[in-house]
Amino acid sequence: MSTASVPLPAWINYGVIPLLNLVLAFFFSGLVVWAIGENPFEALKLLLIGALGRGEGIGFTLFYTTSFIFTGLSVAVAVHAGLFNIGSEGQAYLGGLGAALVALALDHYVPWYVTMPFAVIGAALFGAAASAIPAWLQAYRGSHIVITTIMFNFIISSLMNYVLVHILIVPGKMAPESRTLLPGGQLPKLSWLIEMFGGKLGAAPLNVSFLIALVMCFLVWVLIWRTRLGYEIRTLGVSPSAASYAGIRYGRIVMITMLISGGLAGMMALNPVMGASARLQIEFVGGAGFVGIAVSLMGRNHPVGIALAALLFGILYQGGAELSFDMPAITRDMIVVIQGMVILFAGALEYMLRPAMVRLYQAARGR
Amino acid sequence: MEYFEIFVSILGSTIRLSIPLLFTALAGLFSERAGIFDIGLEGKMLASAFAAACVAYWTGDAWAGLGAGILISIAFSLLHGFASITNRGNQIVSGVALNFVAAGVTVVLGQAWFNQGGRTGQVPPEGRFGAIILPGADMMRDVPFIGPIYANVISGNNLLTYLAFLMVPASWWVLYRTRFGLRLRAVGENPGAVDTAGISVTWLRYRALIVTGFLAGFAGTYLSIAQSAAFINNMSAGKGYIALAALIFAKWKPVPVMFACLLFGFLDAFANFMQGKSMPLIGEVPVQIFQALPYILTCILLAGFIGVARPPKAGGVPYTKER
């Protein structure tokens, strides 16, 4: 009998195997650290202290976590429908324009809590708009969503370049970025959250969008596992032909799923644009959309898993930044290596350990 | 005459800018025709550019650089094969992973070895593929029209440029006139049939990926030690994805691949030329339009508005032998 069809208990499938894959990813990343003549264990220690050692470090870690929750959820929602959305990066980028336009329009007149709901809607709408054409192409013209979303990442990048350089730039300034938002367009920091645990937030930009991210985790869980639409999305993901046989309209579900996915990616922009830098900057997404792929893979497309995986990557990003101060030989790009390894082992090679696990499990049960 | 000089100079940079696209798109042609999507072309190009620059810097030998570039690129291909053929992993996820690993490792190692912010050292002239002046280029220079084109566009390129154009008929011949090519195309359409004929799908796909790695190695080498004289952080800058777009635009056929790459190279050259200049009647055209045009064109093509781009049928699906 083939090992692929042997059922394994959930704790092995969702616990042991992902953990072992993660260990492998870290092992090979450690080899790279070792190859440039540094001690991997020392590096790991510095990384963890940098990320979790002080209130400010934790604040930065949770700031990154916030962005990754949004993009992770974005990728995961699409995956449930069998769609691989590589365009979260571009969708988040355009979402930033939506959030910024709302904030730029309202920040003179109203306090932040009035601006916020409109900014959330603006970011989500623009993010969804960024995914609309690839979604339509997949749903009704049969073009592969992976290719079209990659193309749209570049198209949106050029578009935003134009908007920032020619339209939103502050006259007389060289930097292609919008004007600084007034407090009415900023999301306040969550100092109280860190102080509750006795730390100080310091300069860390952890802000209200962290709470929005957690709410979105819950809403995505409700959507996917507690609604009729979620059921249809999951059915489509398992078998498009079975879904259409059961009367689920393929094109409609693909459109809706991708719009939700794009909207979630767009909301990521609230965090850096309105929560941290208080302006729309060029390339502000900085790869968070791609991190979403790794987060979704690690978190097995479940909101709880995604929150945990986002936290892991938040630790990596903040810890990696601190690490590059302490060990100058290791640049911040080490994070990109680790991320690649995680995607490789947790994603592409996720079945590699399975046959061995099946044999171990069967031996342990005495069969 | 001034317009003609501009034309010749744009034509010259069109050639230079399309070569990495051409190598990479041909590389992708082999893997995608064999039924393996390759999003990782960008990473292969980047990794081979880095390896070629390092080895050429240390040895001062351009051929050693080329060899290193090809070896690294093939290693990446084999890893992609191990994940997506042997372990039946998701090909797209694997490609994305390789892009990340390449983008990270090149900078981390480059910084550790050369301490120049991810740049490698300047490769000495012997370590580069320099310009080759074709016979008679100087004599021809003064002949009107043909002369400047011969001297500045056809002559004066490096060896890899000529190789790239040779690879087009070579790829066509391999794909359409050899047994390996026939089987490779078959395995991308219907691996079950190939399997039934007693040919190993796995080994065939691995061989296709080795060819992919081989060709992508040339692309990276061209970037770092033919076009420039060092590796620079993220020097492939999305060219792997443009090559992918060109491959789709050419509907997975070798000769159209060449024209698609030349078209995208031309758009790039024209965008560089138009920077800050204004066109008659229209005024200044934003360069961003030219930058986005290859991607927009590809999407329009994929939508089926200018002919249908039909990918190989078995692309993206791992093959499972029936039991």
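Note: the structure precedes this text.
What you see is a predicted model; the values in this text were computed from it and never measured.

Let us look at the overall build of chain B. Within chain B, the regular secondary structure consists of 13 helices and four strands. The C-alpha atoms of chain B give 20 Å as radius of gyration, which agrees with the globular expectation for 323 residues (20 Å, within 12%). With respect to the principal axes defined by its C-alpha atoms, chain B has extents near 70 × 50 × 40 Å. The buried share of chain B, taken over its 323 residues, is 57%. Contacts spanning at least 24 positions in sequence make up 78% of the contacts within chain B whose residues lie at least 6 apart. For chain B, the distance from the average site of its 21 positive side-chain charges to the average site of its 14 negative ones is 14 Å.

A general tendency of soluble globular proteins is for nonpolar side chains to be buried together. Counting residues in each nonpolar core, the largest one holds 207 residues, and the members touching the most others are Phe 68, Leu 270, Met 274, Leu 280 and Phe 313 of chain A together with Phe 23 of chain B. With residues up to four places along the chain from it excluded, the contact list for Leu 270 of chain A reads Ala 99, Ala 119, Val 120, Ala 123, Leu 187, Ser 209, Ile 212 and Gly 275 of chain A. Listed in part, the eight residues of the second largest apolar core include Ile 10, Ala 271, Met 274 and Val 285 of chain B.

Taken together, the 41 residues of chain A in the interface contact 42 residues of chain B. Each partner contributes to the roughly 3500 Å² buried at the junction of chain A and chain B, and carbon and sulfur atoms together form 82% of this total. On the chain A side of the interface with chain B, the three residues burying the most area are Met 151, Phe 154 and Ala 348 of chain A, jointly 15% of the side's total. Along the contact surface separating chain A from chain B lie one residue pair in polar contact (both at pLDDT 80 or more). Only α5 (112-140), α6 (145-167), α13 (288-298) and α15 (334-348) of chain A provide two or more residues apiece to the side of chain A that touches chain B. Here the side of chain A that touches chain B takes 12 residues from α6 of chain A, the largest share from any one element. Per-class residue counts for the side of chain A that touches chain B are 28 nonpolar, 11 polar and two charged.

Further remarks concern a nonpolar patch on the surface. Among the surface-exposed residues, Trp 136 and Tyr 140 of chain A together with Ile 296, Ile 300 and Phe 305 of chain B lie close enough to one another that they form a single nonpolar patch of about 480 Å² accessible area. Sorting the residues of the nonpolar patch by element identifies α5 of chain A together with α13 (287-302) of chain B as the ones contributing at least two each. By the secondary structure assignment, Phe 305 of chain B is in the segment after α13.

Unusually for a residue other than glycine, Ala 278 of chain A sits at a positive phi of about 55°. For Asn 234 of chain B, which is not glycine, the phi torsion reads 50° and is therefore positive. Residue placement: Asn 234 of chain B occurs in the loop between α10 (201-227) and α11 (239-249).

What follows covers the pattern of salt bridges. Opposite charge on two side chains lets them pair, provided their charged atoms get close. In this structure the tally under the stated criterion is six salt bridges over all chains. Where Arg 300 of chain A meets Glu 350 of chain A, a salt bridge forms, and the shortest distance between an N and an O atom there is 3.8 Å. In this pair, Arg 300 of chain A sits in the loop between α13 and α14 (303-326) while Glu 350 of chain A sits in the loop between α15 and α16 (354-364), placing the two residues 50 residues apart along the sequence. Residue Lys 44 of chain B is joined to Asp 38 of chain B by a salt bridge in which the shortest nitrogen-to-oxygen separation is 2.5 Å. An identical accessibility class is assigned to Lys 44 of chain B and Asp 38 of chain B; each is buried.

Calculation rules
- Residues numbered from 1 in each chain as written.
- Chains lettered and ligands numbered in written order.
- Predicted model: local features only at pLDDT ≥ 70, side-chain atom pairs only at ≥ 80, totals over all residues.
- Heavy atoms only, no water.
- Helix = DSSP H or I, 4+ residues; strand = E, 2+ residues; numbered from the N terminus.
- Rg over C-alpha atoms; globule rule 2.2 N^0.38 Å.
- Buried < 20%, exposed > 50% of the residue type's maximum accessible area, 1.4 Å probe, protein only.
- Contact = heavy atoms within 4.5 Å.
- Lys, Arg positive; Asp, Glu negative; His and termini not counted.
- Charge placed at Lys NZ, Arg CZ, Asp CG, Glu CD.
- Core = buried A, V, L, I, M, F, W, Y, C linked by side-chain atoms within 4.5 Å.
- Buried area = accessible area lost by both parts, 1.4 Å probe.
- Polar contact = N/O pair within 3.5 Å; in protein donor to acceptor, adjacent residues only side chain to side chain.
- Nonpolar A, V, L, I, M, F, W, Y, C, P; charged D, E, K, R; others polar.
- Patch = residues over 30% accessible without salt bridge, like charges linked within 9 Å, V, L, I, M, F, W, Y side chains within 5 Å.
- Areas by Shrake-Rupley, 256 points an atom, 1.4 Å probe, with all protein chains shown as cover.
- Salt bridge = Lys/Arg side-chain N within 4 Å of Asp/Glu carboxyl O.

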